[in-house]
Amino acid sequence: MADSSAVKELTRFGSTQRRDAWWIEIIPALVIFSAFIIYATWRAFEGKFYEVGPYLSPFYSPLIDPEHHWWRFSPAILILGGPAGFRVTCYYYRKAYYRAFVMHPPSCAVSEGEHRGYRGEASFPLILQNVHRYFFFIVAVFLCFLWYDAVVAFKFPEGFGIGVGSVIMLVNVLFLTTYSASCHSLRHLVGGKVDCFSCVTLGAPRHSAWRFVTILNEHHMLWAWLSLFSVALTDLYIRLVASGVLKDIRLL
Ligand code: FES
């Protein structure tokens, strides 16, 4: 039986029997999330340099009341809640920011301290994270707009063309779609909750869909990071071109 001082030592904040550098994984999460939140907030409130030629920033899509007929502030503020809510409640991001920002807990098998008992997401307020499954449907609508924007990004005044911005917007929407398609909630919806595929209606196509989403889902963290970078860099590129700092290069 462990003596009481050893038990006490293990319940101290940050104590663990792990020998690896467990804290290394929380540093990039902390730095990159903080940078993204600051950048995205600044851009959403900036309210300009979001459109140039056939390109529209993903932070401003769908573009609502750009002429300010009834909305005085940045159009991005009207739509930010959808994608932001989806990301904030994402299962992967939850794990990352629970660890990086509030250290609740700091990592697997690392103590968060005696008085901060981990209660999971079974009680208020964290139980609200369950709205993630509904945000999935909201983001599916956003993706339709982003695909439309990506197609329009190849349409120049003289007809079809390809600019660096067209390619960036296409890559961005591909990453965003893959990230959303690898969502745990979608996996549950298409087949994760089914115990016997041959016993349910449309069992075979559901099984195929579930297998496909599972392949994507296995790399959900990767898609989460890639889509985070791509959405910020796409906006940055459009901002730089719209503000005259960069010139968009036409490839075709
Ligand atoms: S779990 Fe991450 S997007 Fe749904």
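Since the structure is predicted, the reported quantities are computational estimates derived from the model, not experimental observations.

Rules used in this analysis
- Residues numbered from 1 in each chain as written.
- Predicted model: local features only at pLDDT ≥ 70, side-chain atom pairs only at ≥ 80, totals over all residues.
- Heavy atoms only, no water.
- Buried < 20%, exposed > 50% of the residue type's maximum accessible area, 1.4 Å probe, protein only.
- Helix = DSSP H or I, 4+ residues; strand = E, 2+ residues; numbered from the N terminus.
- Contact = heavy atoms within 4.5 Å.
- Disulfide = S-S within 2.5 Å.
- Phe/Tyr/Trp six-rings, centres within 6.5 Å; stacked < 30°, edge-to-face > 60°.

**Observations regarding helix H5 (residues 91–100)**
Within H5, seven of the 10 residues are buried, leaving the element largely enclosed by the surrounding structure. For H5, the secondary structure elements touched by its buried residues are helix H2 (26–46), helix H4 (81–88), helix H6 (132–152), helix H7 (164–181) and helix H10 (220–242).

**Observations concerning helix H8 (residues 184–192)**
Of all the residues in H8, the buried ones are Ser185, Leu186, Val190 and Gly191. Considering only its buried residues, H8 is in contact with H5, H6, H7 and helix H9 (203–217).

**Some points on the state of the cysteines**
The term disulfide refers to a covalent linkage connecting the sulfur atoms of a pair of cysteines. Per the stated rule, a full pass over the model turns up one disulfide. The disulfide partner of Cys196 is Cys199, and the S-S distance across this bridge is 1.8 Å. Looking down the S-S bond of the Cys196 and Cys199 bridge, the torsion is 70 degrees, so its handedness is right-handed. The structure places no disulfide on Cys108, whose sulfur is separated from the nearest cysteine sulfur, that of Cys90, by 17 Å. Unpaired in this structure, Cys144 has its nearest cysteine sulfur neighbour in Cys183, at a distance of 16 Å. Judged by relative accessible area, which is 55%, Cys144 ranks as exposed.

**Some remarks on the packing of aromatic side chains**
Two descriptors summarise a pair of aromatic rings, namely the distance from one centre to the other and the angle between the planes of the rings. Enumeration according to the criterion identifies 20 aromatic pairs in this entry. Seen in terms of ring centroids, Phe33 and Phe101 are 6.5 Å apart; in terms of plane orientation they differ by 20 degrees. Their pairing is stacked. Pair noted here: Phe33 is in helix H2 and Phe101 is in the loop between H5 and H6, with a separation of 68 residues, a long-range link. Judged by relative accessible area, which is 37%, Phe101 ranks as partly exposed. Aromatic side chains Phe86 and Tyr179 sit 5.7 Å apart centroid to centroid with 65 degrees between the ring planes, which places their arrangement in the edge-to-face category. Highlighted residues: Phe86 in helix H4 and Tyr179 in helix H7, separated in sequence by 93 residues. Look at Phe86 and you get buried, because its relative accessible area is 3%. Among the aromatic residues, ring-to-ring pairing joins Phe33, Phe86, Tyr92, Tyr93, Phe101, Phe136, Phe137, Tyr179, Trp225 and Phe229 into one connected group.

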